[in-house]
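Take a look at the letters that make up each chain.
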Amino acid sequence: MHIHRLEKIWLVFGMSMLAVFLIMLGVSTFAMGMQTPGSAHAHALDPTRLEETAPFDKPGVTQTGDKEYEAVLIAYGFGFNPDKIEIPAGSTVKFTATSSDVVHGFEIPGTTVNFMVLPGEVSHLSYTFDKPGEYLILCNEYCGVGHQSMFAKLIVT
Ligand code: CUA
């Protein structure tokens, strides 16, 4: 069988690239210890046992300092627990969230709050709410038939 010279070059190039990428993957996994998020790091938890896993055994808002709050939320199909959060204006809220079932989103339109909430993982994000008003916490990951009705309220007084 005759293979054209340019085709040979292209084949060798393609196979070398494949080898290079596989070696890079192997080195980063085994020599550098890189893993996908969630594979047994400090944040991992059992999504089926949230009632007995702190801090998710007590979802809600707690004051942690002067104008500082921590909001612990559980996302589920189809809502958030708690479904209403109230804080005074100027407060910095550290959101700590996880999911009890599938992947959900956590977005507050009009702010930079936007992250994913995953089962078995804890997501953190801090944001300072200067403007009083009623904010919506939305799920922006399609999570099932009730996705569009999955929301909570954040009230800044
Ligand atoms: Cu939860 Cu969409």
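Here, the structure is the one placed above.
Since this is a predicted model, take the numbers as computed values, not measurements. (Residues numbered from 1 in each chain as written. Predicted model: local features only at pLDDT ≥ 70, side-chain atom pairs only at ≥ 80, totals over all residues. Heavy atoms only, no water.)

> I'd love a proper account of the overall build of the protein, names of residues and values included.
Along the backbone of the protein there are one helix and 10 strands. A principal-axis box enclosing the C-alpha atoms of the protein has dimensions of 75 × 35 × 30 Å. The burial tally for the protein puts 32% of its 157 residues in the buried class. Total accessible area on the protein is roughly 9800 Å²; 62% of this is exposed by carbon and sulfur atoms. For the protein, the distance from the average position of its 9 positive side-chain charges to the average position of its 16 negative side-chain charges is 8 Å. (Helix = DSSP H or I, 4+ residues; strand = E, 2+ residues; numbered from the N terminus. Buried < 20%, exposed > 50% of the residue type's maximum accessible area, 1.4 Å probe, protein only. Areas by Shrake-Rupley, 256 points an atom, 1.4 Å probe, with all protein chains shown as cover. Lys, Arg positive; Asp, Glu negative; His and termini not counted. Charge placed at Lys NZ, Arg CZ, Asp CG, Glu CD.)

> If you had to explain the pattern of salt bridges to someone new, which residues and values would you point to?
Under the defined criterion, the tally for this structure stands at three salt bridges. For Glu52, the salt bridge goes to Arg49, with nearest N and O atoms at 2.9 Å. Of the residues examined, Glu52 reaches a relative accessible area of 53% and is grouped as exposed. Note that Lys58 and Asp57 form a salt bridge whose closest N and O atoms lie 4.0 Å from each other. (Salt bridge = Lys/Arg side-chain N within 4 Å of Asp/Glu carboxyl O.)

> Describe helix 1 (residues 5-31), with residues and values.
Residues that lie three or four places apart on an α-helix share one face, since the helix turns once every 3.6 residues. Here helix 1 spans 37 Å end to end across 27 residues, near enough to the 39 Å set by a 1.5 Å rise per residue. Just past helix 1, the residue Gly33 takes up positive phi, approximately 70 degrees. (Expected span 1.5 Å × (residues − 1).)

> Break down the environment of Pro82 for me, citing the residues and quoting the values.
Take Pro82: it is sitting in the loop between strand 3 (79-81) and strand 4 (84-87). Through-space distance from the C-alpha of Pro82 to that of Lys58 is 9.7 Å; in sequence the pair is 24 residues apart. Setting aside anything within four residues of it in sequence, one finds Pro82 in contact with Pro59, Gly60, Val72, Leu73 and Ala152. (Contact = heavy atoms within 4.5 Å.)

> Before we move on, could you go through the nonpolar core and cite the residues and values that matter?
Residues Phe80, Phe95, Phe106, Ile108, Phe129 and Leu154 are the most contacted members of the largest nonpolar core, which totals 24 residues. Listing elements by their share of this core, those giving two or more residues are strand 2 (68-76), strand 4, strand 5 (91-99), strand 7 (114-117), strand 9 (133-138) and strand 10 (151-156). The leading source of residues in this core is strand 2, at four residues. Those residues in contact with Phe95, other than ones at most four positions away along the chain, are Ala71, Leu73, Phe106, Ile108, Val113, Phe115, Ser123, His124, Leu125, Tyr127, Phe129 and Leu154. The next biggest cluster of nonpolar side chains, apart from the first, holds six residues, and it includes Leu45, Phe56, Ile74 and Val122. (Core = buried A, V, L, I, M, F, W, Y, C linked by side-chain atoms within 4.5 Å.)

Just geometry here; none of it tells us what the structure is for.
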